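Understanding the architecture of this molecule
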Amino acid sequence: MQSPAARPRDTIAAVATAPGRGGIGVVRVSGGDLLPFARALCGREPQPRTALFARFRNEAGEAIDEGLLLYFPAPHSFTGEDVIELQGHGGPVVMGMLLGRCLELGARLAEPGEFTKRAFLNGKLDLAQAEGVADLIEASTAAAARSALRSLSGAFSAEVTQIRDALIDLRMLVEATLDFPEEELDFLEKADAFGRLAHLRARLEGLLDRARQGALLRSGLNVVLVGQPNVGKSSLLNQLVGEERAIVTEIAGTTRDALRETIQLEGIPLHVIDTAGLRETTDEVERIGIARTWREIERADVILRLVDAGAGADEGEAAGIDARLPQDVERITVHNKIDLYGERAWRVEEGGAVGVYLSARSGEGVDLLRAELLRVAGWHAHGEDLVLARERHLQALRTALEHVGNAAGEVGALELFAEELRLAQESIGEITGEFSSDDLLGVIFSRFCIGK
């Protein structure tokens, strides 16, 4: 965290609403002592936290727009500085004119995420809460939005802080014991230091598990449908999506290009990609589609390998396809068209490989496939306490857990025990920004939208 003297005090401005036309548009301004700024805009001095209806005027005194001006004096604002919000009509020209007027009055255009960055630097939010702002805006499912809101409200930060404080308490106990080498192990046993360490380890493991689950809510899985022509890839896509999104015909090679649809399973976004059927062909357009299919396969998290339930996938061209599929990507073999062969819907596992027998046409057995996709994702029910974690959060938790595990192995060398606890404390402190480099902050906030 920066000292108060180092905090930015120049005035920034940006359009805070999405581009395009709307009933209302908002220009946000943040800086020091914005009362003169407000008077220059509307000719009157606003009262704190009171909506003022006014005409916003240019340098010549001509009206640009009319709407509401809201004034939030420091430190009782989002950024911790004086903040003004101009709520006008949501046309791009009007918003541009209002923003231009703010720049004429001495503001500069805000960088992406700069309002939230100032809130962090001024102690209004910690780093995990600040990231929750962006996560809430970008949430692609209702479950992700609820999880992001919990992070923004400080639930994730509070849990991280509790673990950090427990690490500090244990570390203080161990370091105090170092002054009494003859009694150190007895003293630590009486203080239940090792039981407390085990409890900390269990709490970190639980939080990491929930964070991994929450990370799925952010990114989801890329699920690629792969198979020869006419095995039912497009029919399965339509069945998973719940409507007719892909063209289905008896003509081989109908699908020429990748078709992407996003569905939700337990709040997890699944990006399902229907691809061109894989076969040898002289049709140039189809060959291009097949080349794109292989590119999608390279980016897949899960491959649904479709085969005809009556023909299998062990001979000829089908075997060649299987040989080319990446071995390090989870694969589920979908035996489709059971309705044509009198088969039942069921799940089979042979040699660690999972297969599902289903009918993409009737939907029989598709629930079994959905359950397998959740299994591959590592999903298990957690209720409403998931953490919408980013990769840096997961890495910090993994590192902290590793150091706590190392500490358990250093019971006979308390200096190393204490050092591992210190390293664990620093790792988990990175989540809330207690230990953050300027480079890290630049990367995080540069990914925000302008106006936040």
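Residues numbered from 1 in each chain as written. Predicted model: local features only at pLDDT ≥ 70, side-chain atom pairs only at ≥ 80, totals over all residues. Heavy atoms only, no water.

- Under an unreviewed UniProt entry, the name given to the protein chain is tRNA modification GTPase MnmE, and the source organism is Pseudothauera rhizosphaerae.
- The protein chain has a UniProt comment under Sequence similarities (unreviewed entry) that states "Belongs to the TRAFAC class TrmE-Era-EngA-EngB-Septin-like GTPase superfamily. TrmE GTPase family." (UniProt positions renumbered as here; feature names shortened; annotations may be inferred.)

Quick word on the sheet that holds strand β8 (residues 259-265)
- Read across the open sheet, the 7 strands follow the order β8-β9-β7-β10-β11-β13-β12; overall the sheet is mixed. Strand pairing shows two members of the sheet lacking a second neighbour, β8 and β12 (346-350), which therefore form its edges. Averaged over neighbouring strand pairs, the angle between their axes works out to 25 degrees when direction is ignored.
- Sheet analysis places strand β7 (residues 221-226) next to strand β9 (residues 268-274), joined by 5 bridges and oriented parallel. When the bridges of β9 are listed, Leu 221 appears paired with Leu 270.
- The strands that helix α8 (residues 193-219) touches are β7 and β9; relative to β9, the one it contacts most, it runs at about 50 degrees. (Pairing = 2+ DSSP bridges. Helix = DSSP H or I, 4+ residues; strand = E, 2+ residues; numbered from the N terminus. Axes fitted to C-alpha atoms, helices over the stretch in contact; angles between N-to-C directions. Contact = heavy atoms within 4.5 Å.)

Some details on the sheet that holds strand β5 (residues 82-90)
- One open sheet holds the 6 strands; their spatial order is β3-β4-β5-β2-β1-β6, and the pairing between them is mixed. Two strands bound the open sheet, and with one partner strand each, they are β3 (52-57) and β6 (108-109).
- Here 8 bridges tie strand β2 (residues 22-31) to β5, and the two strands are oriented antiparallel to one another. Considered in β5, the bridge of Val 26 is made with Gln 87.
- Sheet strands touched by helix α1 (residues 35-42): β2, β3, β4 (63-72) and β5. Its angle to β3, the strand with the most contacts, is close to 75 degrees.

Things to note about the side chain of Arg 392
- Summarising the element assignment, Arg 392 is placed in helix α14 (residues 391-408).
- The exposure class assigned to Arg 392 is buried, which follows from its relative accessible area of 18%.
- For Arg 392, the side chain forms a polar contact with the main-chain oxygen of Glu 430, separated by 2.8 Å.
- Only 2.8 Å separates the side chain of Arg 392 from the backbone oxygen of Ile 431, close enough to count as a polar contact. (Buried < 20%, exposed > 50% of the residue type's maximum accessible area, 1.4 Å probe, protein only. Polar contact = N/O pair within 3.5 Å; in protein donor to acceptor, adjacent residues only side chain to side chain.)

Observations concerning the pairing of strand β10 (residues 302-308)
- Buried residues dominate β10, accounting for 7 of its 7 residues.
- Here β10 shows no split at all, with Val 302, Leu 304, Leu 306 and Asp 308 on one side and Ile 303, Arg 305 and Val 307 on the other all buried.
- In this structure, β10 lies alongside strand β11 (residues 330-336), joined through 7 bridges in parallel fashion. The residue bridging Val 307 from the neighbouring strand is His 335, located in β11.

Re the pattern of salt bridges
- Scanning the model with the defined rule gives 26 salt bridges in all.
- With a closest N to O distance of 3.2 Å, Glu 391 and Arg 398 form a salt bridge.
- One network of salt bridges, in which partners are shared, links Asp 10, Glu 81, Arg 108, Glu 114 and Arg 118. (Salt bridge = Lys/Arg side-chain N within 4 Å of Asp/Glu carboxyl O.)

What to know about the packing of aromatic side chains
- Here the structure, examined in full by the defined rule, presents 2 aromatic pairs.
- When the centroid spacing of 6.3 Å and the interplanar angle of 15 degrees are considered together, the rings of Phe 194 and Phe 417 count as stacked. Pair noted here: Phe 194 is in helix α8 and Phe 417 is in helix α15 (residues 414-432), with a separation of 223 residues, a long-range link.
- Phe 194 gets classed as partly exposed once you look at its relative accessible area, which sits at 25%.
- Here Trp 346 and Tyr 357 contribute two aromatic rings whose centre-to-centre distance is 5.2 Å and whose plane-to-plane angle is 20 degrees, an arrangement assigned as stacked. Here Trp 346 is found in strand β12, whereas its partner Tyr 357 is found in strand β13 (residues 353-357), with 11 residues between them in sequence.
- Overall, Trp 346 belongs to the partly exposed group, its relative accessible area being 27%.
- Tyr 357 gets classed as buried once you look at its relative accessible area, which sits at 15%.
- The ring of Phe 115 carries Arg 28 above its face, with NZ or CZ at 5.6 Å from the centroid. (Phe/Tyr/Trp six-rings, centres within 6.5 Å; stacked < 30°, edge-to-face > 60°. Lys NZ or Arg CZ within 6 Å of the ring centre and 35° of its normal.)

Considerations on the pairing of β2
- With 7 of its 10 residues buried, β2 lies for the most part within the structure.
- Between strand β1 (residues 12-15) and the antiparallel strand that follows it, β2, lie 6 residues; Gly 20 among them carries a positive phi value of about 110 degrees.

Considerations on helix α5 (residues 142-153)
- The end-to-end C-alpha distance of α5 is 17 Å, a good match for the 16 Å that 12 residues give at a rise of 1.5 Å each.
- If you check which residues of α5 are buried, you get Ala 143, Ala 144, Ser 147, Ala 148 and Ser 151. Taken end-on, α5 shows its buried residues confined to a sector of 130 degrees, consistent with a single buried face.
- Contacts from the buried residues of α5 go to α4 (127-138), α6 (155-177) and α8. (Expected span 1.5 Å × (residues − 1). Arc of directions from axis to C-beta.)

Side note on unusual backbone geometry
- In this chain, Ala 74 is followed by Pro 75 through a cis amide linkage whose omega measures 0 degrees.
- You can see Pro 75 is positioned in the loop between β4 and β5.
- You will see that Arg 49, though not glycine, has its phi angle at about 55 degrees, which is positive.
- Note on placement: Arg 49 falls in the loop between α1 and β3.
- We note that Lys 337 has phi near 75 degrees; this positive angle belongs to a residue other than glycine.

Quick look at the UniProt feature "binding site: K(+)" (unreviewed entry) in the protein chain
- The UniProt record marks Asn 230, Thr 249, Ile 251 and Thr 254 with the feature "binding site: K(+)" (unreviewed entry), using the residue numbering of this structure.
- As for its position among the elements, Asn 230 is in the loop between β7 and α9 (233-241).
- A relative accessible area of 34% places Asn 230 in the partly exposed class.

Digging into the side chain of His 403
- Mapped onto the elements of the fold, His 403 is located in helix α14.
- Given the relative accessible area of 15%, His 403 is considered buried.
- In this structure, His 403 is in contact with Glu 420, Leu 423, Ala 424 and Ser 427, ignoring residues within four places of it in sequence.

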